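For reference, the chains in residue letters:
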Amino acid sequence: MQGKKCLVTGATSGIGEAIALALAQKGAEVIIVSRNEEKCARIVSQIQEQSGNSAISYFRANLSSQQGIRLLAAEVKKKYSTLDVLVNNAGGFFWKRQESVDGIEMTFALNHLNYFLLTNLLLDLLHKTPSARIVNTSSGVHNNQVIDFNDLQLKKNYLHFKAYGKSKLANLYFTYELARRLTRSGITVNAFNPGFTKSNIAKEGNLAAQIIMPLTNIFSIPTEQGANSGVYLASSPEVESITGKYFFERKPIPSSDISYDEEIAQRLWNISEELTELV
């Protein structure tokens, strides 16, 4: 990965941090993105120390805000003329329904529209790089979920686990549709399931949540193990020409049957364009 520029979102903790560290250890220039500047600076120093790689930097951005995403993309383009790898990893789990500054249900805004908008805004940098890669963090909880276009933002019936599962299904629709649109471009697009990984993604909630979530981490796999497929997709020569796939433990596996519905994927793409004003 020497000389490769890799941007990783949500990289101040959990899977994103582990991916950023692993890529730095492989010699890549790593750019991390998070909304907390203090955490960004601390993680940059930690990765530099642990990897012996000084080419680590950060951008601070609120990725639930479309203006924040646009400002981030503009800053990245101002500093860099090419990008080899984009890892869309930032996300959240929200116990109660809330809306972003754009008036969009927060899980959908952060976990899906963030991936969609940032990737589209940075595509020109990826197009300038031979064999560029886009890696999207999804989850096995997408199974048994469907996208309800009559209640896309769950105004009628919000349930935290359902909202999260639907956003992870949206990640797969986005991955597969983008891969189709980038056919013959040289850019690969893949998603991965990190498995039940130790995380603080659902740390904010009521008292029961604050008790339950730390207990569930007892049965989870180490963060580095969960990040393994993401690192593999971002760096391995074995997957240089593979695109439009869903990986678990470094192997392509089937996602849910409905996740391959191209009509739904195209409809979600069109709505995402409208919501992010890309049309």
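Structure report, in brief. Nothing here was measured: the structure is a model prediction, and the numbers come from that model.

What follows concerns the overall build of the protein. Tallying secondary structure elements over the protein gives eight helices and eight strands in all. Against the 2.2 N^0.38 benchmark of 19 Å for 279 residues, the protein shows a C-alpha radius of gyration of 17 Å, consistent with a compact globule. Based on the C-alpha atoms only, the size of the protein along its principal axes is roughly 50 × 45 × 35 Å. By residue count, 54% of the 279 residues in the protein fall in the buried class. Of all intrachain contacts in the protein linking residues separated by at least 6 positions in sequence, the fraction that spans at least 24 positions is 75%. Taken as a whole, the protein presents about 12,900 Å² of accessible surface, with 49% of it coming from carbon and sulfur. For the protein, the separation between the mean place of its 29 positive charges and that of its 26 negative charges on side chains is 2 Å.

What you see with strand 4 (residues 85-88) is no split at all: Val85 and Val87 on one side and Leu86 and Asn88 on the other are buried throughout. Bridge count for strand 1 (residues 5-9) against strand 4 is three bridges, and the pairing is parallel. Counterpart to Val8 in the pairing with strand 4 is Val87. Taken together, the four bridges between strand 4 and strand 5 (residues 133-137) define a ladder with parallel strand orientation. Note on strand 5: the bridge partner recorded for Val87 is Val135. Between strand 4 and its parallel partner strand 5, the chain crosses via helix 4 (residues 106-127), and the hand of that crossover is right-handed.

Turning our attention to the packing of helix 4 against helix 5 (residues 160-181). Two measures define how a pair of helices packs: the angle their axes make with one another and the distance between the axes. Helix 5 packs onto helix 4 with a crossing angle of 15 degrees between their chain directions and a minimal axis gap of 8 Å. As judged from the angle between their axes, helix 4 and helix 5 are roughly parallel. Relative to helix 5, the crossing made by helix 4 is right-handed. Residues Thr107, Asn111, His112, Tyr115, Phe116, Thr119 and Asn120 of helix 4 form the contact with helix 5, whose participating residues are Ala163, Tyr164, Ser167, Lys168, Ala170, Asn171, Phe174 and Leu178. Split into classes, the residues belonging to the contact of helix 4 with helix 5 amount to seven nonpolar, seven polar and one charged.

The terminal C-alpha atoms of helix 5, which comprises 22 residues, lie 31 Å apart, in line with the 32 Å expected from a rise of 1.5 Å per residue. Along helix 5, 18 of the 22 residues are buried, which leaves the element largely enclosed by surrounding structure.

With that out of the way, let us pick up the nonpolar core. Counting residues in hydrophobic clusters, the biggest one holds 38 residues, and the most contacted among them are Leu63, Leu72, Val76, Leu122, Leu126 and Ile134. When contributions to this core are tallied by element, the ones reaching two or more residues are strand 2 (29-34), helix 3 (66-79), helix 4 and helix 5. Ranked by the residues each element gives to this core, the list is headed by helix 4, at eleven residues. Residues in contact with Val76, not counting those within four places in the same chain, are Leu7, Phe59, Leu122 and Leu125.

Another aspect to go through is the packing of aromatic side chains. This model, assessed by the stated rule, comprises nine aromatic pairs. When the centroid spacing of 6.0 Å and the interplanar angle of 80 degrees are considered together, the rings of Trp95 and Phe161 count as edge-to-face. With Trp95 in the loop between strand 4 and helix 4 and Phe161 in helix 5, the pair connects residues that are 66 residues apart, well separated along the chain. Of the residues examined, Trp95 reaches a relative accessible area of 18% and is grouped as buried. Look at Phe161 and you get partly exposed, because its relative accessible area is 49%. Among the aromatic residues, ring-to-ring pairing joins Phe93, Trp95, Phe161 and Tyr164 into one connected group.

Another aspect to go through is the pairing of strand 5. For strand 5, the buried fraction is high: five of the five residues fall into the buried class. The alternating pattern of strand 5 places Arg133, Val135 and Thr137 on one face and Ile134 and Asn136 on the opposite face, and all of these are buried. As paired elements, strand 5 and strand 6 (residues 188-193) share five bridges and run parallel to each other. Within the sheet, the bridge partner assigned to Arg133 lies in strand 6 and is Thr188. Following the chain from strand 5 across helix 5 to the adjacent parallel strand 6, one finds a crossover that is right-handed.

Here Thr129 lies in the loop between helix 4 and strand 5. A polar contact is formed between the side chain of Thr129 and the backbone oxygen of Leu83, at a distance of 2.9 Å. At 3.3 Å, the side chain of Thr129 forms a polar contact with the backbone oxygen of Leu125. Excluding residues within four positions of it along the chain, Thr129 makes contact with Thr82, Leu83 and Asp84.

Rules behind the numbers
- Residues numbered from 1 in each chain as written.
- Predicted model: local features only at pLDDT ≥ 70, side-chain atom pairs only at ≥ 80, totals over all residues.
- Heavy atoms only, no water.
- Helix = DSSP H or I, 4+ residues; strand = E, 2+ residues; numbered from the N terminus.
- Rg over C-alpha atoms; globule rule 2.2 N^0.38 Å.
- Buried < 20%, exposed > 50% of the residue type's maximum accessible area, 1.4 Å probe, protein only.
- Contact = heavy atoms within 4.5 Å.
- Areas by Shrake-Rupley, 256 points an atom, 1.4 Å probe, with all protein chains shown as cover.
- Lys, Arg positive; Asp, Glu negative; His and termini not counted.
- Charge placed at Lys NZ, Arg CZ, Asp CG, Glu CD.
- Pairing = 2+ DSSP bridges.
- Right-handed = clockwise from strand over helix to strand, strands pointing away.
- Axes fitted to C-alpha atoms, helices over the stretch in contact; angles between N-to-C directions.
- Parallel < 35°, antiparallel > 145°, perpendicular 65-115°, else oblique.
- Left-handed = near helix turned anticlockwise from the far one by under 90°.
- Nonpolar A, V, L, I, M, F, W, Y, C, P; charged D, E, K, R; others polar.
- Expected span 1.5 Å × (residues − 1).
- Core = buried A, V, L, I, M, F, W, Y, C linked by side-chain atoms within 4.5 Å.
- Phe/Tyr/Trp six-rings, centres within 6.5 Å; stacked < 30°, edge-to-face > 60°.
- Polar contact = N/O pair within 3.5 Å; in protein donor to acceptor, adjacent residues only side chain to side chain.

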